[in-house]
Amino acid sequence: MFGRRRIEYKNDSQLRTMVRAGVVTSRALDAAVAAAVPGATTAQLDAAFREVLAANGATSNFLGYHGYPATVCVSVNDEVVHGIPGERVLKVGDILSIDGGAIVDGFNGDSARTVIVGEPTPEDQRLSEVTRDAMWHGIAAMATGTHVGDIGAAIEDRVRELAGEKFGILEDYVGHGIGSQMHMAPDVLNYRTAQRGAALKPGMCLAIEPMLVTGGIETTVLEDDWTVVTNDGGRACQWEHSVARHKGGIWVLTAEDGGASALEPLGVTPVPVP
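Residues numbered from 1 in each chain as written. Predicted model: local features only at pLDDT ≥ 70, side-chain atom pairs only at ≥ 80, totals over all residues. Heavy atoms only, no water.

Inclusion rule: UniProt positions are given in the numbering used here, feature names are shortened, and annotations may be inferred rather than shown by experiment.
Under an unreviewed UniProt entry, the name given to the chain is Methionine aminopeptidase, and the source organism is Kocuria subflava. Per UniProt, the chain carries the Catalytic activity (unreviewed entry) text "Release of N-terminal amino acids, preferentially methionine, from peptides and arylamides." Regarding the chain, the relevant UniProt record gives this comment under Function (unreviewed entry): "Removes the N-terminal methionine from nascent proteins. The N-terminal methionine is often cleaved when the second residue in the primary sequence is small and uncharged (Met-Ala-, Cys, Gly, Pro, Ser, Thr, or Val). Requires deformylation of the N(alpha)-formylated initiator methionine before it can be hydrolyzed."

1. Some thoughts on the UniProt feature "binding site: a divalent metal cation 2" (unreviewed entry) in the chain
Cut-off, in case you're wondering: Definitions used for this entry: grid spacing 1 Å over protein atoms alone; cavity, a set of points where a 1.4 Å probe fits but cannot get out; pocket, an open set with protein on both sides within 12 Å along at least 5 of 7 lines; lining residue, one with an atom within 4 Å of a point. To qualify as a helix, a DSSP run of H or I must reach at least 4 residues; to qualify as a strand, a run of E must reach at least 2; elements of each kind are numbered from the N terminus. Pairs of residues are marked as contacts when any of their non-hydrogen atoms sit within 4.5 Å. In protein, a polar contact means a hydrogen-donor-capable atom and an acceptor-capable atom, both N or O and within 3.5 Å, with residues adjacent in sequence counting only if both atoms are side-chain atoms; elsewhere, any N or O pair within 3.5 Å suffices. Only protein chains enter the accessibility calculation, which uses a 1.4 Å probe; a residue is then buried when its area is under 20% of its type maximum, exposed when over 50%, and partly exposed in between.
Those places that UniProt annotates as "binding site: a divalent metal cation 2" (unreviewed entry) correspond, in this numbering, to D110, H176, E209 and E240. For this annotated set, covering 131 residues, all C-alpha atoms fall within 10.7 Å of each other, a compact arrangement in space. From this annotated list, the subset lining the largest pocket comprises D110, H176 and E209. Of note, E209 is situated in the loop between β9 (204–208) and β10 (211–213). When residues no more than four places from it in sequence are discounted, the contact partners of E209 are D99, V174, G175, H176, N190, Q238, W239 and E240. Within polar-contact distance, the side chain of E209 engages the side chain of H176 at 3.2 Å. Relative to the helices and strands, E240 resides in the loop between β13 (236–238) and β14 (241–246). Residue classification places E240 among the buried residues on the basis of a relative accessible area of 0%.

2. Observations regarding the layout of surface pockets
This is how it is decided: Grid points are joined across faces, edges and corners, and a volume is the space filled by probe spheres set on the points. As a working rule, the residues Ala, Val, Leu, Ile, Met, Phe, Trp, Tyr, Cys and Pro are called nonpolar, Asp, Glu, Lys and Arg charged, and the rest polar, with Gly in that last group.
For the largest pocket, the calculated volume is near 420 Å³. If you trace the largest pocket, you find 22 residues lining it, with H82, Y173, H176, H183 and E209 closest to the centre. Only β7 (175–177) and β8 (184–188) provide two or more residues apiece to the lining of the largest pocket. Considering only residue class, the lining of the largest pocket consists of eleven nonpolar, five polar and six charged. Lining the second largest pocket are 19 residues, with V148, P186, D187, G197 and A198 positioned closest to its centre. Elements supplying a minimum of two residues to the lining of the second largest pocket: α4 (149–163) and β8. For the lining of the second largest pocket, a count of residues per class yields eight nonpolar, five polar and six charged.

3. Things to note about the packing of helix α1 (residues 12–34) against helix α2 (residues 42–55)
Short version of the rule: Axes here mean lines fitted to C-alpha atoms, for a helix over just the part in contact, with angles spanning 0 to 180 degrees between N-to-C directions. Should the near helix be turned anticlockwise from the far one by less than a right angle, the crossing is left-handed, and should it be turned clockwise, the crossing is right-handed.
Between α1 and α2, whose axes approach to 8 Å, the crossing angle comes to 145°. Judged by the twist between their axes, the crossing of α1 over α2 is right-handed. Contact residues: α1 offers V24, T25, R27, A28, L29, A31 and A32, while α2 offers L45, A48, F49, V52 and L53. Residue classes in the contact of α1 with α2 are distributed as ten nonpolar, one polar and one charged.

4. Some remarks on the sheet that holds strand β6 (residues 168–169)
Inclusion rule: By the convention used here, strands pair only if DSSP detects at least 2 bridges between them.
Sheet architecture is open: three strands sit in the order β6-β10-β13, paired in antiparallel fashion. A strand with exactly one partner marks an edge of an open sheet, and here the two such strands are β6 and β13. With two bridges joining them, β6 and β10 adopt antiparallel strand pairing. Each residue of the ladder has a partner; that of I169, found in β10, is L212. Where helix α3 (residues 122–144) meets the sheet, it contacts β10 and β13, and its direction lies at approximately 30° from that of β13.

Here's what the structure looks like:
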């Protein structure tokens, strides 16, 4: 037991602050997604996100994190995660994941969305839809399950139900706890294992973020020491929300409706933080 990372359980006041951080994160992602048009540079997406943070008195939890040089990660096509924004120009057909977060009064939000620029191919559209749907099934499992491992099991089960073995589920990059730091215990796997993981308890906040690829799950980090790409050139996709479990239920912190529109069809009604 010595050396085991402790899980941070938030009280209602801290959870309310995390709701604020989550809403700012969501609105900043709205701006970055709107900027993802043909001819735009990935740096322009970063600027759009940054402007919303500044307008809301929030700061970026990505900028400067272990030396990371930007406000968001923009990962394009075969880039899985941690793509650094720059002068790359977006083209019709690009699939990109935009991942970012906000700090408000010492607490963090973290969320990611996938965008397809212009007209998507059927396979890219399906990749994004399956990843997003699997994320929501994982979030629903946070409401109904007993252990963190139930989330990964629900994600993998949904991916296999919708797509069989067509898409790979990354194993080297997973979700995490979130709160007074961006990355905290526990790890939140996106696949089924024999380990049940930590018990799901009130005050626990988790970033649930499945990452799927169209080919093999082997990846490489590029020379910039950040950008992760698929070894076989397969396309990649990421969706992520930060979610709180409290005494009354769950609330998706990075969705302005708490996740109601996606969760209620799954039999889960989000409950606002008291």
